Every structure is written in C-alpha cells, then in structure tokens.
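One-letter residues, chain by chain:
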Amino acid sequence: MTLSTLFQHILTGISLGGAYALIAIGYTMVYGILRLINFAHGDIFMMAGYFMIFAMVSLPWQIAIPLVCIITVILGVVIERVAYKPLRSAPRMSIMISAIAISYLLQNLATYLFTALPRAFPEIPFLKKIFQIGNVSSSLVTFITPILTIILVVGLMFLINHTKIGMAMRAVSKDFETAQLMGIRINNVISATFAIGSFLAAVGAILYFTDRMSVTPFSGMLPGLKCFVAAVLGGIGSIPGAMVGGFVIGLCETILVAMGYSTFSDAFTFTLLIIILLFRPTGLFGEKIIDKV
Amino acid sequence: MMTKNNLLTIENLSVSYGGIKAVKGISLTVPEGEIVTLIGANGAGKSTILRTIAGLVKPESGKISYRGEDITGISTTSIVEKGITLVPEGRRVFPDLTVLENLKIGAYLRKDNLQDDINRVYKLFPRLQERSWQLAGTLSGGEQQMLAVGRALMSRPKLIMMDEPSLGLAPIIVNDIMNIITTVNKEEGMTILLVEQNANLALRIAHRGYVCETGRITMEGTGMELLNDENVKAAYLGKSKNK
C-alpha cells in the first residue's frame, strides 16, 4: 500500500465516520434524555434517503436538502409523540419494544410504498465534483462530510451548554420532575431533542447515500446498528463521545476493507461492542457517576 | 372572620397513589404573608399534598384555589407561572449544572433580566456567590438546600412550598435553614407552606400549623398553640403527657 492510497483510505474512512457520527449523536441524545435506545433511528435515516430521492425528482438540490431535513424532523417528532410519549410513565421495556415496532413499521412501510428494489440516489452535482489534494483525489462529499460533522457538533455543543433550551435539556436529562417544577415543559424539550437527532440523521443520510448511490428499505438497519455501537463506544449520553465513536468505527471499517478483510468489517464492529461492554461499559466519555448523598 | 386574604385554599382534597388513598379529604388555608406548617409522621401524606398543589400528582377529588381561582389539576408549568413553587424533598438541585445555572433555570419561565434577582439571592446566601461556577453536585447538603431555596426565589413566586428542608442536615445547618425561611418570609414578604418532620422547629417559626395523620388533618392552630398542646407534645415533640 503506498502512502497516497493509505491517505485515500483514511480520507474515505473519516468521511464514512462523519456520517456515522451524525447518526450516532441522535442515539446518544435520545438516550441521554429518555434513557431509550431509539431503535427506529436508523430507519428514520433510511426514510430521509427516500425523501431525498423524491424531493430531487422535481426540485433543485438547494431546495430539496432543507425540505428533506424539515420532513425528517417532522417524522422524528411525530414518532416520539405517537409511539413514545404515551408510554412515558410505563416501564422502560415497553417503550423499547415500541421503538423496535416503529423500526419494523418504517421498514415495511418503505417496502410497501417504494418496493424492496434499490432506488438510485440522485446525484447532487456539486457534491460529486472530483477534488484533488496532492495525489489524493476524491469527490467533494468525502471532504465535506467530516468538516460538516465537526461544525454541526460544535454548534450542537454550543446549543447545549450556552442556550436556555440546552440548559433545559441538561436539566430534563437528569431529573424530569424537578425540571417540571422549574416550569419547563418537558414534552417540548423531548420534542426538540428528537428534532435535532432527526435533523442530523437527515444530513447524515444525504452525505452517506451520495457516496453509496442507492437506497433500499433496509439501508438503515446496519448503519443504524453500527452507529449505536459508535454511541456506546463513545459513552452513551455523550455527544463528543458519539462523534469520536463514529469516526473510529468508520475508519476501522474502511481500513479493514482496504486490507482485504471486507468480510469481517461488520463482525469487527460488533466484536468491538462486546469488548466495550465487557471492559468499559461506560465507553470512552461516558457519564461518570458522582452522586452525592 | 379572616383578617388576611387567603392565598391558597384547599377543600376536601383526596389523592390516591396506585390504589392507596394517601390523602383523605383534607382542607387547609394559607393566608398571604404567613408561614404555615404541616407537621406529621412519615407517610402521613404531607408530601403528597404539596406535590398535588404543584400539579405533579392529579387529585381524585376536592378543590385547590389560589387567589380565588380554581387551579385543581392544571399543569405544573401553569402553576409555576401563577407564582407557586415547590422546593422538593431532598433538594434536588441539578448536580451537573453550575450554581449560577441552577439559579437561572429557576427563572426558566421569565423573559426579563435576571441580574437583580441573582444579586438578591447572592445577598441572602453569600456562600452561593463564592461558588457560582461550581457544579451544584459538589456542594454540601446545607449549601444545596440554600441553592434549592434560591432557585425557587428566582421564579419570583408568591407562595413557596418547602418539603422537608431540614432532612439529612446537621443540626447547626438546620438552624440556618430555619433562619433563612424566617428571613425570606419577613424581608421578601413571601408566603410559605412548610412541611416538616422536625415539628419543634417548624412550629416555632410558623404562624399557623396543621397536624397531618394518615392522610387527615387532625389538629390545627397557631404555631404556639400547637407547641403547647399536650397531644402534639407527646406525639411529635418527644415530651410525655401530663408532666
């Protein structure tokens, strides 16, 4: 492997990792606030891919992209209101089962509406432009993905640490009842969390599918699971953790493929999950437990 | 006849928790500007009454009115908006928010400038100012209680309800907390509904007291009357009868 091909693979890996990071943040935020693994998140990501296909049929990409983001946000918020909110005081297992049900519902709905055949993902001309730095050449999307991911994460961290809604999110994630006593409408805060998660999934979907060219109703399953692993690796509940986890998994997977072990790349991710759960269940940046009595 | 306006009136309130009746038709009034205390043993239903007023628990029957307006069963957010705030049992400050953020979140529904109120709280509790950038989880129990009271003041309430503010605190700190309650009442003119197991302290600072036993109010009177009542003495103040 020459140096430039190595760079090439690293770049591809970082780019894939960026898309994973955006999806992983959705898992980690929802977990942080509801203690729920939102199994439908990967399928929201898949639906965003379909939304993009249909939006691009008649609209220019400048309008299609924001439109797809808005529709995906609505989908995410509606799912929370319909499938999770009524179970707020139910045992945690019930809401988890509801999430799994929504995941299958979305997959089957997509199969029913769009058939199981892969649909070509539309080309966004400027993202596909070939870009060259030294000997390394790639389409623009590969360069843009990690940069955009980092910008979005920095923005999100600012929102969470320095705005009123961010403060409310941190409060709600610790203590529902006391947050209510402050006058916080927790349902609105939870909706906002789902809106942000779904927005990032939509951005992730557009970047991810631009590189992969087609969408099927099951396109969300494996990336969804891998991003869940990324969130666990980073320490579920931690946003920077989810980002780092996404990048690590994207990079490892790409490098394994480049080394000729593509058969094992998925197995690697899930082996990693088992190893983290065995040796460091709180992940790299997981919540420390420092409760004072 | 009452000389003062009643800020809060509760009539025949009943509350059930998962099939068990925790509050069985109690009535009480909180006159404006006074400290009213609700004393009683563990499990008597005192906390449930406060949680119901705060809108965290929906009552089965009965009526809660605030300044003559029926507020039974409305949302916690609306209750806070109207000027009633609850300092919950166990303080419940947000451990990974800073002291300053905890104060700011107390004023979550307000849109005006908070600086005057923050200064006012810091004047009341200078300790909090020294620690304003510290995470609330690292404060001592007494400091957390000060923060919980300060946080409640930030919403500019008319009525503060406090659930067991002395719980788990060292006796010397308990005295501080009781002084703070008196100060808030006198200097800020705040009406206070205080739930306490430490009946002795609570009755000494309260204008009026109610004794709560297994979901019912069994006695009421001024703080002094209850302090000197033989039954109260025997049951809650650790002094035997007829001595």
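The structure displayed is predicted, hence computed values, not measured ones.

(A) Quick look at the overall build of chain A. The secondary structure content of chain A amounts to 12 helices and 4 strands. The C-alpha atoms of chain A give a radius of gyration of 19 Å, which matches the 19 Å a tight globule of 293 residues would have. Among the 293 residues that make up chain A, the fraction classed as buried is 46%.

(B) Geometry of the pairing of strand E3 (residues 35-39) of chain B. Residues and elements named next belong to chain B. Across the 5 residues of E3, 5 count as buried, placing the element largely inside the fold. The alternating pattern of E3 places Ile35, Thr37 and Ile39 and Val36 and Leu38 on opposite faces, both of which are buried. Relative to strand E8 (residues 191-196), E3 is paired through 5 bridges, and the arrangement is parallel. From the neighbouring strand, Ile39 faces E8, where its bridge partner is Glu196.

(C) Here's a closer look at the interface of chain A and chain B. Contact residues are listed per partner, giving 16 residues for chain A and 21 residues for chain B. No other element matches the 5 residues that helix H7 (residues 164-174) of chain A contributes to the side of chain A that touches chain B. Partitioned by chemical class, the residues of the side of chain A that touches chain B number 7 nonpolar, 3 polar and 6 charged.

(D) Examining the sheet that holds strand E1 (residues 6-17) of chain B more closely. Spatial ordering of the open sheet is given by E2-E1-E4-E5 (chain B), a layout of 4 strands whose pairing is antiparallel. The open sheet has two edge strands, strand E2 (20-31) and strand E5 (69-70) of chain B, and neither has a second partner.

(E) Expanded view of helix H6 (residues 141-153) of chain B. Residues and elements named next belong to chain B. With 13 residues, H6 should cover 18 Å at 1.5 Å per step; its first-to-last C-alpha distance of 19 Å lies within 8% of that length. Among the 13 residues in H6, 11 count as buried, and that is most of the element. Of all the positions in H6, only Glu143, Gln144, Gln145, Met146, Leu147, Ala148, Val149, Gly150, Arg151, Ala152 and Leu153 are classed as buried. Looking at the packing, one finds that the buried side of H6 touches strand E6 (84-87), helix H3 (99-106), helix H4 (115-124), helix H5 (126-130), strand E7 (159-163) and helix H7 (171-187).

(F) Layout of the nonpolar core. In this structure, Ala24, Ala48, Ala171 and Ala230 of chain A together with Met161 of chain B are the most contacted members of the largest nonpolar core, which totals 152 residues. Per-element accounting of this core gives the leading share, 16 residues, to helix H1 (residues 3-34) of chain A. With residues near it in sequence (within four places) discarded, Ala230 of chain A still touches Tyr20, Ala21, Ala24, Ala242, Gly245, Gly246 and Ile249 of chain A.

(G) Fine view of the sheet that holds E6 of chain B. Residue and element names in this part refer to chain B. Here we have 6 strands laid out as an open sheet, ordered E6-E7-E8-E3-E9-E10, and mixed in their pairing. Each having just a single partner strand, E6 and strand E10 (216-222) make up the two edges of the open sheet. Sheet twist, expressed as the average angle between the axes of neighbouring strands with direction ignored, equals 15°. Relative to E7, E6 runs parallel, the two being bridged by 4 bridges. Paired with Thr85 across the bridge in E7 is Ile160. Of the strands in this sheet, E3, E6, E7, E8 and strand E9 (208-213) touch helix H1 (residues 46-53), which is tilted by about 145° from E7.

(H) Just unusual backbone geometry, in detail. Residue and element names in this part refer to chain B. In this structure, Asn12 takes a positive phi of about 50° despite not being glycine. You can see Asn12 is positioned in strand E1. Residue classification places Asn12 among the exposed positions, given that 12 C-beta atoms sit within 10 Å. Backbone geometry places Thr214, a non-glycine residue, at a positive phi of 35°. For Thr214, the position within the fold is in the loop between E9 and E10. Assessed through the 14 C-beta atoms surrounding it within 10 Å, Thr214 is described here as partly exposed.

(I) Spatial organisation of the environment of Pro88 of chain B. Structurally, Pro88 of chain B can be placed in the loop between E6 and H3. Considered as a pair, Pro88 of chain B and Thr9 of chain B are 79 residues apart in the sequence and their alpha carbons are 21 Å apart. Not counting chain neighbours up to four residues away, the residues in contact with Pro88 of chain B comprise Thr178 and Leu181 of chain A together with Asp163 of chain B.

The rules behind each value
Residues numbered from 1 in each chain as written. Chains lettered and ligands numbered in written order. Predicted model: local features only at pLDDT ≥ 70, side-chain atom pairs only at ≥ 80, totals over all residues. Helix = DSSP H or I, 4+ residues; strand = E, 2+ residues; numbered from the N terminus. Rg over C-alpha atoms; globule rule 2.2 N^0.38 Å. Buried ≥ 20, exposed ≤ 12 C-beta atoms within 10 Å, placed from the backbone. Pairing = 2+ DSSP bridges. Contact = placed C-beta atoms within 7 Å. Nonpolar A, V, L, I, M, F, W, Y, C, P; charged D, E, K, R; others polar. Expected span 1.5 Å × (residues − 1). Core = buried A, V, L, I, M, F, W, Y, C linked by C-beta atoms within 7 Å. Axes fitted to C-alpha atoms, helices over the stretch in contact; angles between N-to-C directions.

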